[in-house]
Amino acid sequence: QVQLVESGGGLVQAGGSLRVSCTTSGRTFSLYGMGWFRQAPGKEREFVAAVNWSGGSTYYGDSVKGRFTISRDNAKNTVYLQMNSLKPEDTAVYYCAARKLLPFTSMQAYDSLKYDSWGQGTQVTVSS
């Protein structure tokens, strides 16, 4: 397992933008597939986005396609989630997750059970 630390959450108005980050220590970050999930009060955890080890493959949940962009910088051991055109329904705690094992295709990326490390979460609140 790897320790993940999210940052960048906060309060933003509807239509605005926010970028959250997830950083880890260690020298094996580039081996991990990375994902973002979110959970709103009273709701199940929802897949948001994921990226493979190289950044060459990305996956998105239907509710965020075209608005959110996931990216990674392996030199900085960091994965980003750029969120644009935010809506009140995007309000949730956003969690970063890592999967070390291969493969990392859509079958693994969307499934929270396939990840073996999780961050503590960062709150994103979108006001109407």
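This one's a predicted model, so the numbers in the text were calculated from it and none came from an experiment. (Residues numbered from 1 in each chain as written. Predicted model: local features only at pLDDT ≥ 70, side-chain atom pairs only at ≥ 80, totals over all residues. Heavy atoms only, no water.)

Observations concerning the state of the cysteines
For step 1, the next point in the chain: In the structure shown here, the tally under the stated rule is 1 disulfide.
For step 2, the next point in the chain: Shown here is the disulfide that connects Cys 22 with Cys 96, its sulfur atoms set 2.1 Å apart. Between Cys 22 and Cys 96, the disulfide has an S-S torsion of -80° and is therefore left-handed. Placement of Cys 22 in strand S3 (residues 18-24) and of Cys 96 in strand S9 (residues 92-99) is noted, with a sequence separation of 74 residues between them.
For step 3, the next point in the chain: By relative accessible area, which is 0% here, Cys 96 ends up buried. (Disulfide = S-S within 2.5 Å. Helix = DSSP H or I, 4+ residues; strand = E, 2+ residues; numbered from the N terminus. Buried < 20%, exposed > 50% of the residue type's maximum accessible area, 1.4 Å probe, protein only.)

Here's the deal with the pattern of salt bridges
For step 1, the next point in the chain: Inspection of the entire model under this criterion finds 4 salt bridges.
For step 2, the next point in the chain: Between Glu 46 and Arg 38 there is a salt bridge whose closest N-O contact spans 2.8 Å.
For step 3, the next point in the chain: You can call Glu 46 partly exposed: its relative accessible area is 31%.
For step 4, the next point in the chain: Residue classification places Arg 38 among the buried residues on the basis of a relative accessible area of 5%.
For step 5, the next point in the chain: Asp 62 is paired through a salt bridge with Lys 65; the nearest N and O atoms lie 3.3 Å apart.
For step 6, the next point in the chain: Taking the relative accessible area as the measure of exposure, Asp 62 reaches 67% and is therefore exposed.
For step 7, the next point in the chain: Given the relative accessible area of 49%, Lys 65 is considered partly exposed.
For step 8, the next point in the chain: The network of salt bridges with common partners includes Arg 38, Glu 46, Arg 67 and Asp 90. (Salt bridge = Lys/Arg side-chain N within 4 Å of Asp/Glu carboxyl O.)

Some remarks on the sheet that holds S3
For step 1, the next point in the chain: Pairing is antiparallel in the open sheet, where 4 strands are placed in the order S1-S3-S8-S7. Of all the strands in the sheet, the pair left with one neighbour each is strand S1 (4-7) and strand S7 (68-73). Ignoring which end each strand starts from, the neighbouring axes of this sheet average 15° apart.
For step 2, the next point in the chain: Strand direction decides the pairing type here: S3 and strand S8 (residues 78-83), joined by 6 bridges, are antiparallel. Along S8, the bridge assignment pairs Leu 18 with Met 83. (Pairing = 2+ DSSP bridges. Axes fitted to C-alpha atoms, helices over the stretch in contact; angles between N-to-C directions.)

Quick word on the nonpolar core
For soluble globular proteins, the rule of thumb is that nonpolar side chains tend to be buried together.
For step 1, the next point in the chain: Core analysis: the biggest nonpolar cluster contains 28 residues, and Met 34, Trp 36, Val 79, Leu 81, Met 83 and Tyr 94 have the highest contact counts within it.
For step 2, the next point in the chain: Of all the secondary-structure elements, those providing two or more residues to this core are S3, strand S4 (33-39), strand S5 (46-51), S7, S8, S9 and strand S11 (122-127).
For step 3, the next point in the chain: When residues of this core are assigned to their parent elements, the largest contribution, 4 residues, is made by S9.
For step 4, the next point in the chain: Among all residues touching Val 79, those that are not within four sequence positions of it are Val 20, Ser 21, Cys 22, Phe 29, Met 34, Trp 36, Val 51, Ile 70, Ser 71, Arg 72 and Cys 96.
For step 5, the next point in the chain: Ala 50, Ala 97, Phe 104 and Tyr 115 belong to the second largest nonpolar core, which has 8 residues in total. (Core = buried A, V, L, I, M, F, W, Y, C linked by side-chain atoms within 4.5 Å. Contact = heavy atoms within 4.5 Å.)

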